[in-house]
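What follows is the residue order along each chain.
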Amino acid sequence: MRLTPVNTAVLLLGPIAFFVLFFAAPFALLIGESFARPDGGITLSNYVAVLTDGYYWKALLNTLLISFWVTVVCFVLGYPLAYFIVFHVPSAGVRRGIYVLLVTPLFTSNIVRAFGWIVILGRRGMVNSSLIAIGLIEAPLDLLYSKTAIVIGLAYILLPVMTLSVCSVLQTVDRSLIEAARDLGARPSRAFLAVTFPLSLPGVVAGSIIVFALSVSAYVIPSILSGGREMVTPILIFQQYTATFRPDIGAALSVVLLVVTLLLIGAYLFFLERRLRVAV
Amino acid sequence: MTPDVVVVDRLIKRYGAVTALAGVSLDIRKGEFIALLGPSGCGKTTLLRAIAGFVEPTSGDIRINGRSMTGVPPNQRPVNTVFQQYALFPHMTAIENVAFGPRRQGLAGGEIAARVKAALAMVGLEALAGRYPRELSGGQQQRVALARAIVNQPDVLLLDEPLGALDLKLRKRMQLELKRLHQQLGMTFLFVTHDQEEALAMADRIAVMREGSIVQLGGGEDIYRNPATRYVADFIGEANLLACRVGARGTIDVAPEGPALPYQFNGNDAGEVSLMVRPQDVLVGGTVGADEVALAATLKDKVFVGSTWRLFLALAGGQEIAAEPGYSIEAGRLAIGEATTVHWRRDAARILAD
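Presented here is a report on the structure given in the accompanying data block. Here the structure is a predicted model, which means the values were calculated and not measured.

**Some remarks on the overall build of chain B**
Here's step 1: Scanning chain B for helices and strands turns up nine helices and 20 strands.
Here's step 2: The C-alpha extent of chain B, read off along each of the three principal axes, is 75 × 45 × 40 Å.
Here's step 3: Carbon and sulfur atoms make up 49% of the accessible area of chain B, which amounts to about 15,800 Å² in all.
Here's step 4: Computing the positive centroid from 38 side-chain charges and the negative centroid from 38, chain B places the two 6 Å apart.

This is how it looks when you write it as C-alpha cells:
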C-alpha cells in the first residue's frame, strides 16, 4: 500500500482517537475541574488553597524526596546488575532467562508484595530478628511505617524497570570501544568511567525518569508501608476524592504534582543534555 | 642486524575444539612493515589481538623488546591498535580521541597538547580537530584512528584491516599514506589484511597464514616469484595451477595425458602436485624460444581488459590456462576455437605441492 496523505490519515486515526479519548480528554477534564467553583464558574481558589497550605507542601516534598531516593537506590542496585548481565553472562540464553526472572515479579500484585515487606521489616520481622540474633542491635529498629520502608518497597518494585532500561543501552555499547580504551592505556576502571558509563547514560536517564515518575504517582505501596505515618501527594489526592469529597482540590493537587514533576524532569534533562546529545 | 622488536614464540590459541593459532612463531624486526595475510578465519586477527593483549594464548609466549607479555594487560603493553571499524569514541571530539592515550600516560598538559597537535598534523586533520566522529567521513575517521594510535609512540603499531571499510579509490590513497607515515615515523607496523594487493603494495615482508599457521614468510616479490605451496601461489597474485602427474623418478607431466614437462619434483609428497605459472608469463602463438616450455592449446575465450587481452585457453587434456601476454596484436586477432601454442620461459614456472 502506498502511503498517500489519505491512508496516512486513516492509519493515524486509531492512535489519535485513543490518545484523545483516554489521555487528552480526561486531562482536560482534570484541569477544568481544578479551576471549578462548587457553584459553577472559574476560580483560582483551589490552587490558592493547595499552594498556601503547608500540609500539602510537606506531602509534596515528602513525595519528591521518596521518589528521589527510590531513583538513587534503583540506579545503585540496577546499574551493576545490568552491567553484570550484559558483560559477564556470556550465554544469550541465560541472559534471556535472567530478563524473564527480572520481569516475573511484575506479574504479582503490588499489594501482596507490600505486605511481604511488612513481614520482613516489622518489629518482629526477619530483618530485626536477624540483626538481634547476630548481636548488632539490642532493641528492634523502627523500619516499618517510615519513609525508608516506602523507599525500600518502591525500589524493590521498580528495580527491574531501571535494570532493563540500562541493559538495553549497555548492550549496544560497542565492545571494541572498550578495547580501544584499554589499548590506549586505560585501566579497566578508567575505561568504564571514560567510555562505557558515558555511553550508557541514555539508558540511565530513561530508566531514572520512568522510575521517578512511577514513584511520584505511586499510591498502593506508600499507603500500605506508611501505616498512616507518612503522607505523600497521591494518598492526599485519593483522600480528596473519596474522604473529603473535594474533587476540585484533588484535581488542583494532581496538576501541581504533574507540573512540579515535569519541571524536575526538565531540569534533569537540561543538566544532562550536553552529554546525552553527544552520546546518542 | 636490526634487533627483533616482537618475538612470537610457538603461540597456540584454542577455543574449545577449534584451533585459531597452531603454534605460530614470528620475529618482527624494528622499523619493519609486516603484513599478516590470509583469508578470514586463518588466525591473522587472533594473532594481532594476542599481541595487543586481548586474546590470552593457550600456550607459547610473545616478547616485545625482550619482555614477555604473558599476563601483561593491554593497557600496559607498548603497542597500540588501529581497529577495523576505527572504534573512535563517539562522545569525544577528534582531538579528545587523540588525547585519550597521552592523558593515560600522565604527561604534562603542554606535552599532551604538543603531541596531539603533531599527530593530527601528521594525518592532515588539524582543521577538523573539534569535530565529533559522526561529523567526519570514513577516510577522516580512519585518520583520527591512526593519529590516536601513533600519538602514543608505541613500539609496534597494530593495524587490523584498517582500510577494509573504505572505497577502492580512498583505499589506494590511504595505502600510500600509510607507507609514507611508516617511513616518516620509523615505527614498526604490523598490518592484518586479506587483500594480497594491499599487502604487496605496502609491506616489507608478508606472512601468509592458513588455518592458524604461517605458511610462508618473506618479501612480497620473493613470495610472488617463489611461492612455497599451491595455496600461497593461489593467494598471492593470479596463478595458473595445472594439475600434474609425478612419475617414478620425480618426472612431471600434465594430467591426465601429458605431455611430459622438463621439470623435476623433489618432494616426497604423494599428494597433488601442480605447475604454477602466472598469466603474465604465458605467451600465446609466435615463435617458441629455446629455453621455453610449450604446450598445444585452443582459444576458448578472450576478454579485453584495457591494457591487454586476457585469453582463456584449453590444453589438450582439457585443463584450462589463462594468459595475459602483454599487448600484442596477434593475441587480439586470434579467433575463438583456433589452435595455437602457449609457452613460457622454463624458469617462470614452479612445481608446487599443496
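What follows picks up the thread again.
**Quick notes on the packing of helix H2 (residues 45-52) of chain A against helix H3 (residues 54-88) of chain A**
Any two packed helices are characterised by how steeply their axes cross, that is the angle between the axes, and by the distance between the axes.
All names here are of chain A.
Here's step 1: Remark: H2 packs on H3, axes separated minimally by 5 Å, with the N-to-C direction vectors making an angle of 70 degrees. Of the possible angle classes, the one that applies to H2 and H3 is roughly perpendicular. Where H2 approaches H3, its residues Ala49, Val50, Leu51 and Thr52 are matched on the opposing element by Gly54, Tyr56 and Trp57.
Here's step 2: Its residues assigned to classes, the contact of H2 with H3 comprises five nonpolar, two polar and no charged.

**Re the side chain of B:Arg143**
Residues and elements named next belong to chain B.
Here's step 1: By the secondary structure assignment, Arg143 is in helix H4 (residues 138-150).
Here's step 2: Take Arg143: its relative accessible area is 12%, and that puts it in the buried class.
Here's step 3: Beyond its immediate sequence surroundings of up to four residues, Arg143 is in contact with Val123, Leu125, Arg173, Met174 and Glu177.

**Quick notes on the sheet that holds strand E2 (residues 18-29) of chain B**
Residues and elements named next belong to chain B.
Here's step 1: The four strands lie next to each other as E2-E1-E4-E5, forming an open sheet whose pairing is antiparallel. Of all strands in the sheet, those with a lone pairing partner are E2 and strand E5 (67-68), marking the two edges.
Here's step 2: Bridge analysis of strand E1 (residues 4-15) against strand E4 (residues 59-64) gives five bridges, and the strand direction is antiparallel. Among the inter-strand pairings, Asp9 is bridged to a residue of E4, identified as Asp61.
Here's step 3: Where helix H1 (residues 44-52) meets the sheet, its contacts fall on E1, E2 and E4, and the angle it forms with E1 comes to roughly 115 degrees.

**Some details on the environment of B:Leu11**
All names here are of chain B.
Here's step 1: Mapped onto the fold, Leu11 is located in strand E1.
Here's step 2: Spatially, the C-alpha atoms of Leu11 and Leu315 are 45 Å apart, while their sequence positions differ by 304 residues.
Here's step 3: In contact with Leu11, not counting residues within four places along its chain, are Leu21, Ala22, Gly23, Val24, Leu47, Ala50, Pro57, Ser59, Gly60, Asp61 and Ile62.

**Considering the environment of A:Leu258**
Here's step 1: When you line up the elements, A:Leu258 lands in helix H12 (residues 247-279).
Here's step 2: Considered as a pair, A:Leu258 and A:Pro38 are 220 residues apart in the sequence and their alpha carbons are 23 Å apart.

**Quick notes on the sheet that holds strand E12 (residues 251-254) of chain B**
Pairing between the strands of a sheet is mediated by backbone hydrogen bonds and can be parallel or antiparallel.
Residues and elements named next belong to chain B.
Here's step 1: Here five strands make up an open sheet; going across it, the order is E13-E12-E11-E14-E20 and the pairing antiparallel. Either end of the sheet is taken by a strand with one partner, and the two such strands are strand E13 (260-264) and strand E20 (350-353). The mean angle between the axes of side-by-side strands here comes to 45 degrees, regardless of whether they run parallel or antiparallel.
Here's step 2: Of the strand pairs in this sheet, strand E11 (residues 240-246) and E12 are connected by three bridges, and their pairing is antiparallel.

**What to know about the interface of chain A and chain B**
Here's step 1: Contacts between the two partners involve 20 residues from chain A and, on the opposite side, 23 residues from chain B.
Here's step 2: Between chain A and chain B, a total of about 1,800 Å² is buried, with carbon and sulfur atoms accounting for 61% of that surface.
Here's step 3: Taken together, chain A and chain B are joined by one salt bridge.
Here's step 4: A salt bridge links B:Arg49 to A:Glu179; the shortest N-O distance between them is 2.7 Å.
Here's step 5: Counting across the interface, chain A meets chain B through five residue pairs in polar contact (both at pLDDT 80 or more).
Here's step 6: Considering each element in turn, the side of chain A that touches chain B owes the most residues, seven residues, to helix H8 (residues 175-183) of chain A.

**As for the environment of B:Gly43**
Residues and elements named next belong to chain B.
Here's step 1: Residue position: Gly43 is located in the loop between strand E3 (33-37) and H1.
Here's step 2: Classification of Gly43 by relative accessible area gives buried; the value is 8%.
Here's step 3: Along the backbone, Gly43 and Glu257 are 214 residues apart, and their C-alpha atoms lie at a distance of 39 Å.
Here's step 4: The contacts of Gly43, once residues within four sequence positions are left out, are Ala20, Leu21 and Met209.

**Considering a nonpolar patch on the surface**
Residue and element names in this part refer to chain A.
Here's step 1: Taken together, Leu12, Ile16, Phe19, Val20 and Phe23 make up a surface patch of nonpolar side chains, about 490 Å² in accessible area.
Here's step 2: As for its position among the elements, Phe19 is in helix H1 (residues 5-34).
Here's step 3: Judged by relative accessible area, which is 49%, Phe19 ranks as partly exposed.

How each quantity is defined
- Residues numbered from 1 in each chain as written.
- Chains lettered and ligands numbered in written order.
- Predicted model: local features only at pLDDT ≥ 70, side-chain atom pairs only at ≥ 80, totals over all residues.
- Heavy atoms only, no water.
- Helix = DSSP H or I, 4+ residues; strand = E, 2+ residues; numbered from the N terminus.
- Areas by Shrake-Rupley, 256 points an atom, 1.4 Å probe, with all protein chains shown as cover.
- Lys, Arg positive; Asp, Glu negative; His and termini not counted.
- Charge placed at Lys NZ, Arg CZ, Asp CG, Glu CD.
- Axes fitted to C-alpha atoms, helices over the stretch in contact; angles between N-to-C directions.
- Parallel < 35°, antiparallel > 145°, perpendicular 65-115°, else oblique.
- Contact = heavy atoms within 4.5 Å.
- Nonpolar A, V, L, I, M, F, W, Y, C, P; charged D, E, K, R; others polar.
- Buried < 20%, exposed > 50% of the residue type's maximum accessible area, 1.4 Å probe, protein only.
- Pairing = 2+ DSSP bridges.
- Buried area = accessible area lost by both parts, 1.4 Å probe.
- Salt bridge = Lys/Arg side-chain N within 4 Å of Asp/Glu carboxyl O.
- Polar contact = N/O pair within 3.5 Å; in protein donor to acceptor, adjacent residues only side chain to side chain.
- Patch = residues over 30% accessible without salt bridge, like charges linked within 9 Å, V, L, I, M, F, W, Y side chains within 5 Å.

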